[in-house]
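Fold and geometry: a report
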Amino acid sequence: MKKYVLFLFFVLVNVPVFAADSIDDILAKLNRALENKEHYVKLKEERILNFKKIKSDSLTKEQEYNYNKTLYTEYQKFNSDSAIFYVKKNLKIADQLQNKDLLHLAQLQLVTLYSSSGKYRESEAILKSIDKSKLSKNLLPNYFIAYREFFEHYAANSYSIHYIEQIQKYRDSLLTVLDPKSITYKINKIQQDIYHKKLVSSQKELLLLLKNSKEEEPQYAMITYLLGKIYEKTHQVELQKKYYALSATADIKNVNKDNASIQELALVFYEIEDVDMAYKLTQSAIEDALYCNVQFRTLLMSEVYSIINTVYLEKEAKRKTELQLYLLCISLLSAFLIAAVIYVYKQMKRVSKIRGELYETSQKLAELNQDISETNKQLQERNAQLSESNHVKEEYIAHFFSLCSTYINKLENYRIILNKKATAKQFDEIYKILKSTTLVDNELEELYKNFDIIFLNLYPTFVKDFNALLIKEEQIILKQGELLNTELRIFALIRLGITDSVKIAAFLRYSLSTIYNYRTRARNKAAVSRNDFEEMVIKIGLITQKM
């Protein structure tokens, strides 16, 4: 656990140094490299062709051997069949020269080429034919590398813990004969440390190597691949994608057809359900493996490819179905659009006609308003003639009609405003005015204020008398500037004889359940009998009310 914490700390401290490009930028570069893959192949073929042109007929056997070795190096990760061709030529030359070192070198080169292309028996036979004790010191690294890669390739065909142990055995032997300062030693040592789960130190070494490496150098792809492996083991998907993508891009640009990074990256995208990218990368990996005739890579990808290909084809079929559905929807929408255009044209003609009718209606509305004004005057005259026998009713009715008059005047003003805007054809402004609730809210506020004033004018001691009916702890204390609150208004209406909760709810604009709740809570707070509480409220002011 401690090592893992240290590892995470190291990641946080060191990764930003090499994180100038975002993962999106790196993947964009990879996609461009995939698109230009044939271009890189063409450049390599031209380079090889130009090298072949410089061959002279006057080369000595040793020079021809080195010439063939250079071509082997060019073809080794590009086209194994061509590489085998030039190695076999060197076998003949070495035999003619009777030079054991040159013969052993060519044999060891052929071992790796055979094992990578699936010729395991031939490869093993050559290895067994070589007497390690007779190899020169400078060929021991090639010997251990050939054995290590033989078991790596064979393990891909038939996995066994024995083969893994053999790989580590020959890597350990290789480290004993390599120069500790060489890049080959450092990379093999890091691979050994990763196998032994020394991830923190391995990551540190790789990042230092990466800092001093360039994309076109052979070790760059291996360094970034190993970083991807470390992040795979620590389940850091974004960093895993980043470094596998960097490695794959370098392999593509350097025309390395025997590459592992693009295979690993395909698996990462498949696991995160990006099937399109996984399919694209898998196809590229299969094409490269077949082109180079690297059989063990083909075996590694065959099972994964079938799975990814199946999922991809299912997705493509679904896309085609969706596309057909979208085309059908677009066709239907186009038909609806044509119908809508025709409908809108007809509606515009109707609107033009309605505008004329609206003007006539506004004229009639003006006449009706005049009648309303005259009617209002008549109501005021008749109100003045009402009996004054009951002072409470008289005062209440006076206030009521005063409010009616006010609202009618406001209606008149409202009508005038609408009339002006209608005349000016400002229909958007009319819509905004009609849509706004500000007028209603203000009028409700004024209505309740007037109700409070009128009621308290009729029953000035109502609040005091109502509180007298409640227990002391539950008595109502009004806020500053407040005449009545909601609870007092409910019982004020009850005092006026409006006991129906439906009517109270309608007047106060509350839900029926809210009114019930207020009435129930008040009865529960009563200092008198709950059953007699509302009857006693109705009796408030019978003695002190104005007559």
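Only a predicted model underlies this, so the values are computations on that prediction, with no experimental measurement involved. (Residues numbered from 1 in each chain as written. Predicted model: local features only at pLDDT ≥ 70, side-chain atom pairs only at ≥ 80, totals over all residues. Heavy atoms only, no water.)

**Quick word on the overall build of the protein**
Scanning the protein from terminus to terminus reveals 24 helices and zero strands. A buried classification covers 39% of the 547 residues belonging to the protein. Summarising the internal contacts of the protein: among those between residues at least 6 apart in sequence, 64% fall at separations of at least 24. About 33,000 Å² of surface is accessible on the protein, with carbon and sulfur atoms providing 56% of the total. (Helix = DSSP H or I, 4+ residues; strand = E, 2+ residues; numbered from the N terminus. Buried < 20%, exposed > 50% of the residue type's maximum accessible area, 1.4 Å probe, protein only. Contact = heavy atoms within 4.5 Å. Areas by Shrake-Rupley, 256 points an atom, 1.4 Å probe, with all protein chains shown as cover.)

**Re the packing of aromatic side chains**
Evaluation of the coordinates by the stated rule reveals 23 aromatic pairs. Ring centres of phenylalanine 144 and tyrosine 170 lie 6.5 Å apart, and the angle between their planes is 40°; this geometry places the pair in the tilted category. Taken together, the residues span a long stretch of sequence, with phenylalanine 144 in helix H8 (residues 140-157) and tyrosine 170 in helix H9 (residues 161-177) at a distance of 26 residues. With a relative accessible area of 5%, phenylalanine 144 lands in the buried category. Considering the side-chain rings of phenylalanine 466 and phenylalanine 491, the 5.1 Å spacing of their centres and the 45° angle between planes classify their relative orientation as tilted. Taken together, the positions of phenylalanine 466 in helix H20 (residues 462-468) and phenylalanine 491 in helix H21 (residues 486-495) put the pair 25 residues apart, joining distant regions of the chain. Take phenylalanine 466 and phenylalanine 491: they sit in the same class, and that class is buried. Here the aromatic residues Tyr448, Phe451, Phe455, Tyr459, Phe462, Phe466, Phe491, Phe507 and Phe533 are joined through ring pairs into a cluster of three or more. In this arrangement the basic side chain of lysine 44 is found over the ring face of phenylalanine 78, its NZ or CZ atom lying 5.7 Å from the centre. The side chain of arginine 521 reaches across the aromatic face of tyrosine 518, ending 4.9 Å from its centre. (Phe/Tyr/Trp six-rings, centres within 6.5 Å; stacked < 30°, edge-to-face > 60°. Lys NZ or Arg CZ within 6 Å of the ring centre and 35° of its normal.)

**Notes on unusual backbone geometry**
Backbone geometry places histidine 235, a non-glycine residue, at a positive phi of 60°. Topologically, histidine 235 is positioned in the loop between helix H12 (218-233) and helix H13 (237-253).

**Some details on the pattern of salt bridges**
Within this structure, the stated rule accounts for 19 salt bridges. We note a salt bridge from glutamate 149 to arginine 148, for which the minimum N-O separation is 3.4 Å. Across the salt bridge formed by aspartate 288 and lysine 257, the nearest N and O atoms sit 3.2 Å from each other. Within this pair, whereas aspartate 288 is found in helix H15 (residues 275-292), its partner lysine 257 is found in the loop between H13 and helix H14 (261-271), the two being separated by 31 residues in sequence. (Salt bridge = Lys/Arg side-chain N within 4 Å of Asp/Glu carboxyl O.)

**Focus on the nonpolar core**
Ranked by internal contacts, the top residues of the largest apolar core, which has 88 residues, are Leu30, Leu227, Tyr243 and Leu281. By residue number, the principal contributor to this core is helix H6 (residues 100-116), which donates nine residues. Counting 31 residues, the second-largest nonpolar core is a separate cluster that includes Leu456, Leu469, Tyr518 and Ile540. (Core = buried A, V, L, I, M, F, W, Y, C linked by side-chain atoms within 4.5 Å.)

**Structural notes on the packing of helix H11 (residues 199-211) against H12**
Their axes nearest at 10 Å, the elements H11 and H12 cross at an angle of 150°. Taken together, the axis directions place H11 and H12 in an arrangement best described as roughly antiparallel. At the point where H11 passes H12, the crossing takes the left-handed sense. Residues Leu199, Ser202, Gln203, Leu206, Leu207, Leu209 and Leu210 of H11 form the contact with H12, whose own contacting residues are Tyr220, Ile223, Thr224, Leu226, Leu227, Ile230, Tyr231 and Lys233. In terms of residue class, the contact of H11 with H12 is made up of eleven nonpolar, three polar and one charged. (Axes fitted to C-alpha atoms, helices over the stretch in contact; angles between N-to-C directions. Parallel < 35°, antiparallel > 145°, perpendicular 65-115°, else oblique. Left-handed = near helix turned anticlockwise from the far one by under 90°. Nonpolar A, V, L, I, M, F, W, Y, C, P; charged D, E, K, R; others polar.)

**Side note on the packing of H21 against helix H22 (residues 501-508)**
Taken N-terminus to C-terminus, the directions of H21 and H22 make an angle of 130°; their axes are 11 Å apart at the nearest point. Taken together, H21 and H22 sit at an angle that is classed as oblique. Our pair here, H21 against H22, has a crossing hand that is right-handed. The residues of H22 that touch H21, namely those facing Thr486, Arg489, Ile490, Leu493 and Ile494, are Ile504, Phe507 and Leu508. For the contact of H21 with H22, the per-class residue count stands at six nonpolar, one polar and one charged.

**A look at the environment of serine 513**
Mapped onto the elements, serine 513 comes out in helix H23 (residues 512-524). When the C-alpha atoms of serine 513 and serine 501 are compared, they prove to be 9.1 Å apart, with twelve residues separating the residues in sequence. A polar contact of 3.2 Å, which involves the side chain of serine 513, links it to the side chain of serine 511. (Polar contact = N/O pair within 3.5 Å; in protein donor to acceptor, adjacent residues only side chain to side chain.)

**Re H11**
Because the α-helix completes a turn every 3.6 residues, residues three or four places apart line up on one side. For H11, built from 13 residues, the straight-helix expectation of 18 Å at 1.5 Å per residue is met to within 8% by its first-to-last C-alpha distance of 18 Å. For H11, the complete set of buried residues consists of Leu199, Ser202, Gln203, Leu206, Leu207, Leu209 and Leu210. All buried residues of H11 fall inside an arc of 160° around its axis, so they share one side. (Expected span 1.5 Å × (residues − 1). Arc of directions from axis to C-beta.)

**Structural notes on empty space enclosed by the protein**
In the structure shown here, the tally under the stated rule is two cavities of 30 Å³ or more. Of the volumes computed, that of the largest cavity is approximately 70 Å³. At the level of secondary structure, the elements contributing two or more residues to the lining of the largest cavity comprise H6 and H8. Looking at the lining of the largest cavity element by element, the count peaks at three residues for H6. Within the lining of the largest cavity, the residues separate by chemical class into three nonpolar, five polar and three charged. In this structure, the second largest cavity encloses a volume near 40 Å³. Broken down by secondary-structure element, the contributors of at least two residues to the lining of the second largest cavity are helix H3 (37-53) and H13. Of the residues belonging to the lining of the second largest cavity, the class tally is three nonpolar, one polar and four charged. (1 Å grid on protein atoms, 1.4 Å probe; cavity = no way out; pocket = protein on both sides within 12 Å on 5 of 7 lines; lining within 4 Å. Points joined across faces, edges and corners; volume = space filled by probe spheres on them.)

**Topic: the confidence of the model for the protein**
Averaged over all residues, the pLDDT of the protein equals 82, while 85% of them reach at least 70. When mean pLDDT is taken per element in the protein, H11 scores highest with 93 and helix H1 (residues 2-14) scores lowest with 40. Considering only residues more than four positions removed or in separate chains, one finds that residues 1-19, a stretch of pLDDT under 50, has 27 contacts. Taken as a whole, residues 543-547 scores under 50 in pLDDT and shows ten contacts with residues more than four places along the chain or in a different chain. (pLDDT = per-residue confidence, 0-100.)

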